[in-house]
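Summary of structural features
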Amino acid sequence: MTETEASGDDRGDGVGRRRFLGYLVAAPTLVAAAELSPATATTAAADARLPSPEITEVADLNDLMTLAALPTANLVRVEVNPDGTVSFALPRAEVGQGITTSTSMLIAEELGVPLERVRVTLADARPELLFNQLTGASNTTISTYTPVRVAAALARHRLLEVAAKELGGSPGELTVKDGVVTGRSGRRVDIGALAGRAASARTRKVSVELTPRADFTVIGTPRNRIDALEAVTGRKKFAMDVDVPGAKPTMVCRPPTINGGVGSVRNLPEVRSMAGVTHVVEISTGVAVRAETFGQCVDAVRALRVDWEPGTAEGKSDETVLRELEKAELPLGPKPPTPFVEGRFSFAFRSNSALEPNCAVADVRSDRAEIWASLKSPIVAQQSIAARLGLPERSVTVHVTQGGGSFGRKLFFDAALEAAEVSRKVGAPVRLMWHRADDARQGRTHPMATSRVRIAYSGDTVLSYRQRHTSVSTDLGHGLGEVVTALAARLPVGDIGFSETFFQLSQTMSYDFGANDRLLTETDRGFNTGSMRNVYSPDVTCARELMVDRLAERTGRDPYRLRRDFLRDERSRAVLEKAAEAGDWGRSMSSGTAQGIAFHAEYKACSAALVEIDCRPETVNRPIRNGVTGPRVTRVVFVVDVGLAVNPRGLEAQMMGCVMDGIALTLTSSLHLRDGHFLEASWDNYFYTRQWNTPPELRVIVMPSTSEEPGGAGELGVAAAMAAVACAYGRATGTMPTHFPVNHDTLAFEPKPTVPPIPASPTDGLNHAR
């Protein structure tokens, strides 16, 4: 929700920059909710130097998601409990990004309670929230920042009203700190003792003023995660930890090629009689096994003899898909009469697996169903599960659990759908978990793509920028699909239009590069793709920044100074300048090593990365057991400006993760497609940034707040990090990289068989523990 602005200062009972309307909700204890009307849209005048404005200067994808949440803002409520704690059911998914901590900080700030008194849980799927229960596009803090604060401020307002009757004086003469209200005389009362009396007998509108930024004591201060102790001691609860009586381990035997189907099962009786096995049933995605332990599930899955039908990528390989993409590329147009630089880049498939295996718990009965899973789009999941089971949506309860990572993966709910299907078929609860091989081979991937860039220039002036990005189709029918919508994304024409809309609203040209345009073409729907962290931006930005380096080389300019001179605003320049200063840009370095620098802006935030890389033979060829070695990033300085940083410590952690993503995407992380299946079958042969590839020196600098409100941060750092590593690699080797990751052609492992679909449990773990 957004505010309705009044002209001039905040006066009287009107709604202004810090004054909002909300509800005191009829309830046994104090419950407060916010209601705000959308602000009138304004558009800044376009820079006179630009032939055309940027779309994202008017509205970006984050704006659409925030506006979509407005109509149901008053359904998000803060509750004060008799024991003095404060409860809030967050309609978003916590998957490690720290939003339960930042949300707790907003409530603690406005309500005047210690952070440890705030209890933030994850809301079940609530269809009445419509578009207000979706986690994605770095939107959570942006869209919830004001409504959560308003609801907490309303609760504080009501508590002071009631306390004034007990302590004497007016509400304005009272203070609330550390969960205790203090009167003029020094008499005190805990908010818990006031909660029952502060409850409203009827729902009514109330005007409230938010805490001014100058008085913040919680927001903007670095805080540890509220769940840190539980996480490091193993007490944090995930989907597989949910205690549902009778829910037994379940796994699925999957086809050897992508999206293959079950033809027939030759040995059902034999497998059903195996030790511990309770059920073996065919489902839409394979053959499900339910047993007493997951080890028995693995044995049964490996024992199944299934005749499979062809999949949707039958016979395809990296080479054939790349040729399809090249054929589908849109032209850059006629070559300009002026000098220009031009390049084509390709990006391999990448796995969207999270650290937590894909999993869900389901208990389906004849007339109802109950699901537990980490879900970023639980309303769409509820709708889909109800349709699959033939039940009314109101008969399906979906509980959102904490998640162990996502990076876009948990926008999809395939495990929850499978668990529901299996539970219905066996007539009993199930605890379904994917094997690592399942997620690598049949799970969600970041699509293979190509990107062509042309920059025309004359002297020191850039005349035009053209980019044509061509990608295997990105599946957007998951819940970001709720905004313009999941239904439209499933239509043949609508999906193409929606993808292009998503692309345009998530890409920003940060440089004064004259007339510029970026176009997306997508092809081939035969793959299970997803909105992996930062979606299109890492590939698009990497291609752009490499060509900026090429432009600097062609025109005899320093790569950093060229970027600084062409950046469109002071805020962006400050971020880039800070990276160059802190990273000592231009310092003398040994042959085979180099610095790279890159910039990326998105969702009202901006970032810059300065990277140093070692491409000397002794580093590239260092021995690593069963691993891809290659170059090593030795130093990273990452600078970020997100406007108002609610929790700078959490933001720093997010950027660290983004840097690791960027290193992986540039150097080592990819899936190898061969004959309709991916060769990778676990994390041990999917080479994300490992300890031996992590930069020894990593510094994250959070710039002073430049806005009254936060910008998006969860995905922001991936693109700049990837691009900076690529630019550093090009300068260290003297050859601009054009295929990513640069080590994709090095297969450093022996591929595991596709039949049986999952490998045997390892027995040599202790051999590698030293």
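Thresholds, definitions, all that
Residues numbered from 1 in each chain as written. Predicted model: local features only at pLDDT ≥ 70, side-chain atom pairs only at ≥ 80, totals over all residues. Heavy atoms only, no water. Pairing = 2+ DSSP bridges. Helix = DSSP H or I, 4+ residues; strand = E, 2+ residues; numbered from the N terminus. Contact = heavy atoms within 4.5 Å. Axes fitted to C-alpha atoms, helices over the stretch in contact; angles between N-to-C directions. Buried < 20%, exposed > 50% of the residue type's maximum accessible area, 1.4 Å probe, protein only. Polar contact = N/O pair within 3.5 Å; in protein donor to acceptor, adjacent residues only side chain to side chain. Parallel < 35°, antiparallel > 145°, perpendicular 65-115°, else oblique. Left-handed = near helix turned anticlockwise from the far one by under 90°. Nonpolar A, V, L, I, M, F, W, Y, C, P; charged D, E, K, R; others polar. pLDDT = per-residue confidence, 0-100. Phe/Tyr/Trp six-rings, centres within 6.5 Å; stacked < 30°, edge-to-face > 60°. Core = buried A, V, L, I, M, F, W, Y, C linked by side-chain atoms within 4.5 Å.

1. Quick look at the sheet that holds strand β15 (residues 340–347)
- Sheet architecture is open: five strands sit in the order β24-β23-β22-β15-β31, paired in mixed fashion. Single-partner strands in this sheet number two, and they are β24 (515–523) and β31 (739–740).
- Note: β15 against β31, two bridges, orientation parallel. Across the sheet, the residue bridging to F347 is F740, located in β31.
- Packed on one face of the sheet, helix α15 (residues 537–555) meets β15, β22 (449–458), β23 (461–472) and β31 and runs near 150 degrees to β15.

2. Quick word on the side chain of D363
- Among the structural elements, D363 can be located in strand β17 (residues 359–364).
- What makes D363 buried here is its relative accessible area of 12%.
- Reaching out from D363, the side chain makes a polar contact with the side chain of R365 at a distance of 2.8 Å.
- In this structure, D363 is in contact with R368, A369, E370, W372, S423 and P429, ignoring residues within four places of it in sequence.

3. Notes on the sheet that holds strand β20 (residues 430–433)
- Here we have seven strands laid out as an open sheet, ordered β12-β13-β10-β20-β17-β18-β19, and mixed in their pairing. Each end of this open sheet is capped by a strand with a single partner; those strands are β12 (277–283) and β19 (396–400). Looking at each pair of strands side by side, their axes are set apart by 20 degrees on average, direction ignored.
- In terms of strand pairing, strand β18 (residues 369–373) meets β19 through five bridges, oriented parallel. Counterpart to E370 in the pairing with β19 is T397.
- Relative to the sheet, helix α10 (residues 378–389) contacts β17, β18 and β19, its axis offset from that of β19 by approximately 145 degrees.
- Set on the sheet, helix α11 (residues 414–426) makes contact with β10 (248–253), β12, β13 (286–291), β17, β18 and β20; between it and β17 the angle comes to about 35 degrees.

4. Notes on the packing of helix α16 (residues 559–566) against helix α17 (residues 570–582)
- Viewed as axis vectors pointing N to C, α16 and α17 meet at an angle of 165 degrees, and their least axial separation amounts to 9 Å. Between α16 and α17, the angle falls in the class roughly antiparallel. With respect to the hand of their crossing, α16 and α17 are arranged in left-handed fashion. Side by side, α16 and α17 meet where Y560, R563 and R564 of the first sit next to R573, L576, E577 and A580 of the second.
- For the contact of α16 with α17, the residue count by class is three nonpolar, no polar and four charged.

5. Points about the pairing of β13
- The buried count for β13 comes to six of six residues, which makes it a mostly enclosed element.
- Of the strand pairs in this sheet, β10 and β13 are connected by four bridges, and their pairing is antiparallel. Along β13, the bridge assignment pairs T250 with R290.
- Strand direction decides the pairing type here: β12 and β13, joined by six bridges, are antiparallel. Within β13, the residue paired with E282 across the bridge is V287.
- Connecting β12 to the antiparallel partner β13 that follows it, the hairpin turn spans two residues.

6. Some details on the confidence of the model for the protein
- Averaged over all residues, the pLDDT of the protein equals 90, while 91% of them reach at least 70.
- Here residues 1–15 is a poorly scored stretch, pLDDT under 50, and it has 43 contacts once near neighbours within four places are set aside; other chains count.
- For the stretch residues 37–52, pLDDT sits under 50, and the model shows 17 contacts to residues farther than four places along the chain or on other chains.

7. Some remarks on the packing of aromatic side chains
- Enumeration according to the criterion identifies 11 aromatic pairs in this entry.
- Judged by centre distance (5.4 Å) and plane angle (65 degrees), the rings of F349 and F678 are edge-to-face. In this pair, F349 is assigned in the loop between β15 and β16 (350–351) and F678 in strand β29 (residues 677–678), connecting sequence segments 329 residues apart.
- According to the relative accessible area criterion, F349 is buried, its value standing at 0%.
- Of the residues examined, F678 reaches a relative accessible area of 2% and is grouped as buried.
- Seen from their ring centres, F513 and F566 are 5.4 Å apart, and the 65 degrees between their planes marks the pair as edge-to-face. Here F566 lies in helix α16 and F513 lies in the loop between α14 (492–506) and β24, a separation of 53 residues in the sequence. Here the two residues F513 and F566 agree in accessibility, since each one is buried.

8. Re the packing of α15 against α16
- It is at 9 Å that the axes of α15 and α16 come closest, and there the two elements cross at 110 degrees. Here α16 runs roughly perpendicular to α15, going by the angle between their axes. Across from E545, V548, D549, L551, A552 and T555 in α15, the residues of α16 making contact are P559, L562 and R563.
- Split by residue class, the contact of α15 with α16 holds five nonpolar, one polar and three charged.

9. Some words on unusual backbone geometry
- Going from F740 to P741, the amide bond is cis rather than trans, its omega being -5 degrees.
- With an omega of -5 degrees, the peptide bond running from V755 to P756 counts as cis.
- Relative to the elements of secondary structure, P756 occurs in the segment after β31.
- Notably, D178 is not glycine yet its phi reads approximately 55 degrees, a positive angle.

10. Things to note about the nonpolar core
- Counting residues in each nonpolar core, the largest one holds 77 residues, and the members touching the most others are I455, F513, F599, I613 and F638.
- With 12 residues, helix α20 (residues 717–733) is the largest single contributor of residues to this core.
- When sequence neighbours within four positions are dropped, the list of residues in contact with F638 reads S607, A608, A609, M655, V659, R699, V700, I701, G717, A720 and A721.
- Formed by 56 residues, the second largest nonpolar core is a distinct cluster that contains F20, V86, V95 and I379.

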